[in-house]
Amino acid sequence: MATLADWVEGARVRTLPAAAAPVLVGTGAAYALDAGSVPRALLAAGVALALQIGVNYANDYSDGVRGTDDHRTGPPRLTGSGAAAPRTVKLAAFAAFAVGGVLGLILVALAGAWWLVAVGVLSVLAGWWYTGGSRPYGYLGLGEEGVFIFFGLVATLGTTYTQALQVSWVAVTAAVGIGLIACALLMVNNIRDIPTDARAGKRTLAVRVGDRSARLMYAGMLVTPFVLVLAVAVAHPWALLTLALVPLVVRLVRTVLGGASGRELIGALRETGLLELGYGVLLGVGLAL
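The structure reproduced in this document is the subject of the present report.

Cut-offs used in this document
- Residues numbered from 1 in each chain as written.
- Predicted model: local features only at pLDDT ≥ 70, side-chain atom pairs only at ≥ 80, totals over all residues.
- Heavy atoms only, no water.
- Helix = DSSP H or I, 4+ residues; strand = E, 2+ residues; numbered from the N terminus.
- Buried < 20%, exposed > 50% of the residue type's maximum accessible area, 1.4 Å probe, protein only.
- Patch = residues over 30% accessible without salt bridge, like charges linked within 9 Å, V, L, I, M, F, W, Y side chains within 5 Å.
- Areas by Shrake-Rupley, 256 points an atom, 1.4 Å probe, with all protein chains shown as cover.
- Salt bridge = Lys/Arg side-chain N within 4 Å of Asp/Glu carboxyl O.
- Axes fitted to C-alpha atoms, helices over the stretch in contact; angles between N-to-C directions.
- Parallel < 35°, antiparallel > 145°, perpendicular 65-115°, else oblique.
- Left-handed = near helix turned anticlockwise from the far one by under 90°.
- Contact = heavy atoms within 4.5 Å.
- Nonpolar A, V, L, I, M, F, W, Y, C, P; charged D, E, K, R; others polar.
- Core = buried A, V, L, I, M, F, W, Y, C linked by side-chain atoms within 4.5 Å.
- Expected span 1.5 Å × (residues − 1).
- Polar contact = N/O pair within 3.5 Å; in protein donor to acceptor, adjacent residues only side chain to side chain.
- Phe/Tyr/Trp six-rings, centres within 6.5 Å; stacked < 30°, edge-to-face > 60°.
- Lys NZ or Arg CZ within 6 Å of the ring centre and 35° of its normal.

Our focus in this paragraph is the overall build of the chain. When you go through the chain residue by residue, the secondary structure sums to 13 helices and zero strands. Its helices and strands in sequence order give the chain the pattern α-α-α-α-α-α-α-α-α-α-α-α-α, from N to C terminus. A principal-axis box enclosing the C-alpha atoms of the chain has dimensions of 50 × 45 × 30 Å. Taking all 289 residues of the chain together, the buried fraction comes to 52%.

Structure (structure tokens):
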């Protein structure tokens, strides 16, 4: 039987910054439009975290029943390791999606933007179909695209819109930066899993382009957001606070391009998550100031 620690590990805490960071940046962009709201930001954070956990459990379930996780380099999964019954993990995913849905409805009601309900439904479906269904797009090399759209553009701009009822070019630029770092988080995870994913027929982008190209793409996904910060700083100079993270970017790029593999990449995965969180905090504060 899975312990509480197993369920916490199954929620993949290392990936949760991908949920919090866009809310921080989106809220900063809303404050830059003189329309920030802490209660709505907290609701948006709850939605994002619940959806991220739901995606993680759904991925655990789907990969587990397909046998993709039978031979893992990283931490064991609930379904693949047999710690929890597949149906239980599936129900946990649906429960997390339900929590996100309820919080999302409250947020939409406060904003009066009911059309966002459709966006929320699409987000849940995208979370499930990442590795679920008969033709999961995560197995077709489209995982990064999904992450960029939903954990970059949708999460960031949705946060801004539910507070300000508008978005700005600054919010869009910041959302692109957040989306790219979220893609890097997925990419470094998939670089680690190239051997096992290839054997299991999971054709992630990293598997499709190969190890070296995937590492170069990871580097580009980390560097580009900081170039975008320079553009944002033209209108909001305090955004330059984000450049304090450049030394971490350099270290991560050197580590991944240097050929780190297997468990060595787990540290890079953790630090990439912290980088995204730091980017969200510093850029969000910079925009609010």
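Picking up after the structure, the text goes on.
Moving on: a nonpolar patch on the surface. Together, Leu105, Trp114, Val117, Val121, Leu122, Leu125 and Trp129 make up a nonpolar patch on the protein surface, roughly 670 Å² of accessible area in all. The element best represented in the nonpolar patch is helix α6 (residues 116–129), accounting for five residues. In this structure, Leu125 sits in helix α6. The class of Leu125 is partly exposed, set by a relative accessible area of 33%.

Let us now look at the pattern of salt bridges. In this structure the tally under the stated criterion is four salt bridges. For Lys202, the salt bridge identified is with Asp63, shortest N-O distance 3.0 Å. Here Asp63 lies in helix α3 (residues 38–66) and Lys202 lies in the loop between α9 (194–200) and α10 (205–209), a separation of 139 residues in the sequence. The shortest N-O distance in the salt bridge between Arg192 and Asp193 comes to 3.0 Å. The same class applies to Arg192 as to Asp193, namely buried.

One way to put it is that helix α2 (residues 17–32) packs onto α3 with a least axis distance of 8 Å and a crossing angle of 155°. Relative to α3, the element α2 is oriented roughly antiparallel. In this structure, α2 crosses over α3, and the sense of that crossing is right-handed. Each of Ala18, Ala19, Val23, Thr27 and Tyr31 in α2 lies in contact with α3, whose residues at this interface are Val38, Ala41, Ala44, Ala45, Ala48, Leu49 and Gln52. Grouping the amino acids of the contact of α2 with α3 by side-chain chemistry returns 10 nonpolar, two polar and no charged.

So, on to the nonpolar core. Residues Met187, Ile191, Tyr218, Leu222, Leu275, Tyr279 and Leu283 are the most contacted members of the largest nonpolar core, which totals 66 residues. With 14 residues, the top contributor of residues to this core is helix α8 (residues 169–192). Excluding residues within four positions of it along the chain, Tyr279 makes contact with Val25, Gly177, Ile178, Ile181, Pro225, Phe226, Val229, Thr242, Leu245 and Gly284. Ala19, Val23, Ala48 and Leu107 belong to the second-largest nonpolar core, a separate cluster that totals six residues.

Glancing now at α3. Given a rise of 1.5 Å per residue, 29 residues ought to cover 42 Å, and the 42 Å separating the end C-alpha atoms of α3 matches this to within 8%. Sitting at the amino-terminal end of α3 is Ser37, which places a side-chain oxygen 3.4 Å from the backbone nitrogen of Arg40. Positive backbone phi, approximately 90°, marks Gly67, located one or two places after α3.

Per the stated rule, a full pass over the model turns up six aromatic pairs. A cation over a ring is seen here: Arg66 above Tyr139, with NZ or CZ 5.2 Å from the ring centre.

Turning our eyes to something else, we now look at the side chain of Glu144. Considering the arrangement of structural elements, one finds Glu144 in helix α7 (residues 143–164). Each residue touching Glu144, except ones within four places of it in the same chain, is listed here: Cys183, Leu186, Met187, Asn190, Leu205 and Met221.

This brings us to the side chain of Arg192. Examined against the element boundaries, Arg192 turns out to sit in helix α8. Arg192 sits in the buried class, given a relative accessible area of 5%. A distance of 2.9 Å separates the side chain of Arg192 from the side chain of Asn189, its partner in a polar contact. Here the side chain of Arg192 touches Asp193 through a polar contact of 3.0 Å, side chain to side chain.

In this section: the environment of Trp7. Secondary-structure assignment places Trp7 in helix α1 (residues 4–10). Measuring from C-alpha to C-alpha, the distance between Trp7 and Val89 comes to 9.1 Å, with 82 residues separating the pair along the chain. Setting aside residues no more than four positions away along its own chain, Trp7 makes contact with Ala2, Tyr57, Leu78, Ala84, Thr88, Val89 and Ala92.

In this section: unusual backbone geometry. Although it is not a glycine, Arg12 sits at a positive phi angle of roughly 55°. Tracing the chain through its elements places Arg12 in the loop between α1 and α2. Its identity is not glycine, yet Leu165 carries a phi of approximately 60°, on the positive side. Looking at the secondary structure, you find Leu165 in the loop between α7 and α8. Leu165 gets classed as partly exposed once you look at its relative accessible area, which sits at 45%.

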